[in-house]
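So you can see what is in the structure, the chains are spelled out below.
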Amino acid sequence: MAIKYVDGRRLRGLLIAGSEWLVKHRELLNQLNVYPVPDGDTGTNMSMTFKAIEDELKSLGSGEVNVDTIAKVVSEAAILGARGNSGTILSQIIYGFLKSLLGKDRIYAKDIAKALVESKSMAYGAVNEPVEGTILTIIRRVAEEAEKYVEQNDDLVMLMEVIRKVAESEVEKTIEMLPKLKEAGVVDAG
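Since we're looking at a predicted model, the values are computed, not measured.

On inspection of all chains with the given rule, the structure shows one aromatic pair. Above the ring of tyrosine 5, the side-chain terminus of arginine 10 is found at 5.2 Å from the ring centroid. For arginine 106, the ring lying beneath its charged end belongs to tyrosine 5, and the centroid distance is 3.8 Å.

Written out as structure tokens, the structure reads:
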């Protein structure tokens, strides 16, 4: 059976899984952290930001929660839990995504594309001088490709695959976009 939508239970699970993945890999991200300064805290800051979201989600309990409730609770937790520059940008991406989902019970492919566009707008708006070759490039490219995909398709699972492939490809390109990354031989940590 195909997955046609994401409801509150699935969204909660996805966000918690994302947080757990980020916490698990924070040291790797810290090691990649050379831009804008090699202070080795990108993974820590991003994982602390996402952990605040996870903690808030877990405080809701395991009962049924809808998308709208999650959007309200998590968007606030993202902003309040933001740590450092990378955490602040991540919080804006999450805030923009969830802001777009307010009032919804279910999320469909078109909703996700729209939410990614809002994420991109919020992330770029949070930075005085946006720099390509960073997490900003990734969210922009993911939003662009998601919009293209939903023009003619509504398969949610395939949209997720498109998003994954675009993000993966764009991350690999960051090493060529910023001299500091190329010099260090790493992709952008964000």
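Still to come is the rest of the account.
The next subject is unusual backbone geometry. Here the bond from tyrosine 35 into proline 36 is cis, since omega is 0°, no more than 30 degrees from zero. Secondary-structure assignment places proline 36 in the loop between α2 (26–32) and α3 (42–59).

As a further point, take the pattern of salt bridges. Scanning the entire structure with this criterion turns up 17 salt bridges. Between lysine 72 and aspartate 68 there is a salt bridge; the shortest N-O distance is 2.9 Å. With lysine 72 and aspartate 68 both in helix α4 (residues 67–81) and four residues apart, this pair spans about one turn of that helix. A relative accessible area of 48% means that lysine 72 is categorised as partly exposed. According to the relative accessible area criterion, aspartate 68 is buried, its value standing at 16%. Here glutamate 145 and lysine 148 are joined by a salt bridge, their closest N and O atoms 3.2 Å apart. Within this pair, glutamate 145 and its partner lysine 148 are both found in helix α7 (residues 135–152), separated by three residues, close to a single helical turn. What emerges from the salt-bridge pattern is a single network uniting Glu132, Arg140, Arg141, Glu144, Glu145, Lys148, Glu170 and Lys173.

Counting through the fold element by element, alanine 17 comes out in helix α1 (residues 8–24). The class of alanine 17 is partly exposed, set by a relative accessible area of 40%. Residues alanine 17 and isoleucine 163, 146 residues apart in the sequence, show an inter-C-alpha distance of 17 Å.

The next thing to look at is the packing of α1 against α4. Axis separation between α1 and α4 bottoms out at 8 Å; the angle between their running directions is 35°. Between α1 and α4, the residues in contact are Gly8, Leu11, Arg12 and Leu15 and Val67, Ile70 and Val74, respectively. The class makeup of the residues in the contact of α1 with α4 is five nonpolar, one polar and one charged.

Moving on, we come to the side chain of asparagine 45. Examined against the element boundaries, asparagine 45 turns out to sit in helix α3. Beyond its immediate sequence surroundings of up to four residues, asparagine 45 is in contact with Arg83, Gly84, Ser86 and Gly87.

Moving on, we come to the environment of proline 38. The topology assignment puts proline 38 in the loop between α2 and α3. Under the relative-accessibility criterion, proline 38 is labelled exposed at 61%. As for proline 38 and glutamate 151, which are separated by 113 residues in sequence, their C-alpha atoms are 41 Å apart.

Definitions and limits used
Residues numbered from 1 in each chain as written. Predicted model: local features only at pLDDT ≥ 70, side-chain atom pairs only at ≥ 80, totals over all residues. Heavy atoms only, no water. Phe/Tyr/Trp six-rings, centres within 6.5 Å; stacked < 30°, edge-to-face > 60°. Lys NZ or Arg CZ within 6 Å of the ring centre and 35° of its normal. Helix = DSSP H or I, 4+ residues; strand = E, 2+ residues; numbered from the N terminus. Salt bridge = Lys/Arg side-chain N within 4 Å of Asp/Glu carboxyl O. Buried < 20%, exposed > 50% of the residue type's maximum accessible area, 1.4 Å probe, protein only. Axes fitted to C-alpha atoms, helices over the stretch in contact; angles between N-to-C directions. Contact = heavy atoms within 4.5 Å. Nonpolar A, V, L, I, M, F, W, Y, C, P; charged D, E, K, R; others polar.

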